[in-house]
Amino acid sequence: MGNAAQTRRDLAHVASNYPAGPVFAGITASDRIYRNLQGDAMQIGMTGLGRMGSSMVRRLLRKGHECVVYDSNDEVVKELQQAGVIGAASLEDYVSRLTKPRTIWLMLPAAAVDRELAALIPLLDAHDVIIDGGNAHYHDDIRRSAELQSHEINYVDVGTSGGVFGLERGYCLMIGGEESVVQSLAPIFSALAPGADRVPVTRGRSRHDSTAEHGYLHCGPHGAGHFVKMIHNGIEYGLMAAYAEGLNILRNADAGRRLDEANAETTPLRDPEHYQYVFELPEIVEVWRRGSVIGSWLLDLTAAALESDPLLTQYAGRVSDSGEGRWTISAAIDEAVPAPVLSAALYERFSSRGDADFADKVLSAMRHAFGGHLETLAAKPGI
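Being a predicted model, the structure only gives us computed values, none of them experimental.

## Notes on the sheet that holds strand β2 (residues 66–70)
Here's step 1: As summarised here, the arrangement of the eight strands in space is β3-β2-β1-β4-β5-β6-β7-β8, forming an open sheet in which the pairing is mixed. Each edge of the open sheet is held by one strand with a lone partner, namely β3 (86–87) and β8 (216–220).
Here's step 2: Pairing of strand β5 (residues 129–132) with strand β6 (residues 154–161), which is carried by four bridges, proceeds in the parallel orientation. Bridging across to β6, aspartate 132 finds its partner in aspartate 157.
Here's step 3: Where helix α6 (residues 113–120) meets the sheet, it contacts β1 (43–47), β4 (103–106) and β5, and its direction lies at approximately 155° from that of β4.

This is how it looks when you write it as structure tokens:
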């Protein structure tokens, strides 16, 4: 890059031409941009050391970055200290161990972010950066970015996908915030992302000025990262529901072999000879993984689950939703965009938790009231 001192001076001049923003003031801006272009190691603080947070720290360490960590669970902090991180005993200790301008990544449940920010803000300085990498609502990102701007603190929202496998596979990062701030954090995003060599380049793709091929992308202004992640998770709900429903139809393809006693309350199976199949679901899923148009990583995970436990006996079938599916449907309504598949997938999760039970009881009560119909109990078939 030529003479380093001259490069820093040139970058300081570049930084002075950026739109006004607290982080790009004088040498702070040039330092960040220089560090970005050089690809040097950065220091980052990580708050929230759950399944993903801990793995992200370990991946950053592997890539040569310095990590300062804080969590209410002292044991996980001690465990990561053995891997080479700098552990903090308190929030004050945590902030004091970070070099200014600080970069702090929050990996917390959406409901805990505002409380954490309220405790952090008095300890921070102008030009610090807070990254929310959890599953926050993008409305909150817009509000938080404005609140933090009044303290001259920068805010970046990052939708993070990769789950418990991200340590090895890397994390898909969908980023929102001021472009200059996002660019200054490129070494962190690049370290966490899968990298361009993880999958082949899309056929016919000619654009080469985007980081998307590396697994991270600046999607737009504040809230854009979590908006894209919100839709990502809504699609995830639909994909998972499609696999689950299809496998359930296969599971019950032996319906003609287990005919119930005829009664007025149950529609008889018209052609039982058409439903005499007993399928080995682990084998079906395995063959789908090889050359099928519905092959995917989700299918790979499903195959592994069925291989180890074909009856899925360790699961009760109570499926949680962490909010993104609801927010996706809300956005679809606001935009007047039909989303019947994603809506049905979300409602099925409600039903799985017993939230349809009362409605079902109302139906039974009405049938009994107008026609004297009694409920019948049917044994659930095995696989």
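## A few points about the environment of leucine 250
Here's step 1: With respect to the secondary-structure elements, leucine 250 resides in helix α11 (residues 224–251).
Here's step 2: Along the backbone, leucine 250 and leucine 281 are 31 residues apart, and their C-alpha atoms lie at a distance of 7.6 Å.
Here's step 3: Apart from residues lying up to four places away in sequence, leucine 250 is in contact with Phe279, Leu281, Ile284 and Trp288.

## So, the packing of helix α3 (residues 51–62) against helix α4 (residues 74–83)
Here's step 1: Closest axis-to-axis distance for the α3/α4 pair is 11 Å, and the angle between their directions is 15°. If you check the angle between α3 and α4, you find them roughly parallel. Here α3 runs over α4; the crossing is right-handed. Residue-level inspection shows Ser54, Val57, Arg58 and Leu61 of α3 in contact with α4, the latter providing Val76, Glu79, Leu80 and Ala83.
Here's step 2: Looking at side-chain class alone, the contact of α3 with α4 contains five nonpolar, one polar and two charged residues.

## Overview of a nonpolar patch on the surface
Here's step 1: A grouping of Phe358, Val362, Leu363, Met366 and Phe370 is seen on the molecular surface, where their side chains present a nonpolar patch of about 560 Å² in accessible area.
Here's step 2: Here phenylalanine 370 is to be found in helix α16 (residues 357–371).
Here's step 3: Residue phenylalanine 370 is classed as exposed on the basis of its relative accessible area, which comes to 63%.

## Digging into the side chain of aspartate 132
Here's step 1: You can see aspartate 132 is positioned in strand β5.
Here's step 2: The contact partners of aspartate 132, leaving out residues within four places of it in the chain, are Leu106, Val113, Asp141, Arg144, Tyr155, Val156, Asp157, Val158 and His226.

## Comments concerning the pattern of salt bridges
Here's step 1: Scanning the model with the defined rule gives 21 salt bridges in all.
Here's step 2: For aspartate 93, the salt bridge is made with arginine 97, and the minimal N-O distance between the two is 2.9 Å.
Here's step 3: Looking at arginine 97, the relative accessible area reads 38%, which means it is partly exposed.

## Quick word on the layout of surface pockets
Here's step 1: Within this model, the second largest pocket holds a volume of roughly 300 Å³.
Here's step 2: Glu179, Val182, Gln183, Thr211 and His218 are, among the 13 residues lining the second largest pocket, the residues nearest its centre.
Here's step 3: Going through the elements one at a time, α9 (179–184) and β8 are the ones with two or more residues in the lining of the second largest pocket.
Here's step 4: When grouped by side-chain class, the residues that make up the lining of the second largest pocket number five nonpolar, five polar and three charged.

## Notes on α16
Here's step 1: In this model α16 runs 21 Å from its N-terminal to its C-terminal C-alpha over 15 residues, within 8% of the 21 Å that 1.5 Å per residue would give.
Here's step 2: Phi turns positive one or two residues past the end of α16, at glycine 372, with a value near 70°.

## Overview of the side chain of arginine 353
Here's step 1: Structurally, arginine 353 is set in the loop between α15 (340–352) and α16.
Here's step 2: For arginine 353, a relative accessible area of 18% translates into the label buried.
Here's step 3: Among residues more than four places away in sequence, those in contact with arginine 353 are Arg318, Val319, Ser320, Asp321 and Arg326.

## Examining the packing of aromatic side chains
Here's step 1: For the structure on display, the rule yields seven aromatic pairs.
Here's step 2: Between the aromatic rings of tyrosine 138 and phenylalanine 227, the centroid separation amounts to 4.8 Å while the plane-to-plane angle is 75°, which identifies the pairing as edge-to-face. In this pair, tyrosine 138 is assigned in helix α7 (residues 138–149) and phenylalanine 227 in helix α11, connecting sequence segments 89 residues apart.
Here's step 3: For tyrosine 138, a relative accessible area of 18% gives the class buried.
Here's step 4: Exposure remark for phenylalanine 227: the relative accessible area of 24% places this residue in the partly exposed category.
Here's step 5: By way of ring pairs, the aromatic residues Trp105, Phe189 and Tyr216 are connected into one cluster.
Here's step 6: Residue placement shows arginine 349 over the ring face of tyrosine 237; its charged tip is 3.6 Å from the ring centre.

Definitions and cut-offs
- Residues numbered from 1 in each chain as written.
- Predicted model: local features only at pLDDT ≥ 70, side-chain atom pairs only at ≥ 80, totals over all residues.
- Heavy atoms only, no water.
- Pairing = 2+ DSSP bridges.
- Helix = DSSP H or I, 4+ residues; strand = E, 2+ residues; numbered from the N terminus.
- Contact = heavy atoms within 4.5 Å.
- Axes fitted to C-alpha atoms, helices over the stretch in contact; angles between N-to-C directions.
- Parallel < 35°, antiparallel > 145°, perpendicular 65-115°, else oblique.
- Left-handed = near helix turned anticlockwise from the far one by under 90°.
- Nonpolar A, V, L, I, M, F, W, Y, C, P; charged D, E, K, R; others polar.
- Patch = residues over 30% accessible without salt bridge, like charges linked within 9 Å, V, L, I, M, F, W, Y side chains within 5 Å.
- Areas by Shrake-Rupley, 256 points an atom, 1.4 Å probe, with all protein chains shown as cover.
- Salt bridge = Lys/Arg side-chain N within 4 Å of Asp/Glu carboxyl O.
- Buried < 20%, exposed > 50% of the residue type's maximum accessible area, 1.4 Å probe, protein only.
- 1 Å grid on protein atoms, 1.4 Å probe; cavity = no way out; pocket = protein on both sides within 12 Å on 5 of 7 lines; lining within 4 Å.
- Points joined across faces, edges and corners; volume = space filled by probe spheres on them.
- Expected span 1.5 Å × (residues − 1).
- Phe/Tyr/Trp six-rings, centres within 6.5 Å; stacked < 30°, edge-to-face > 60°.
- Lys NZ or Arg CZ within 6 Å of the ring centre and 35° of its normal.

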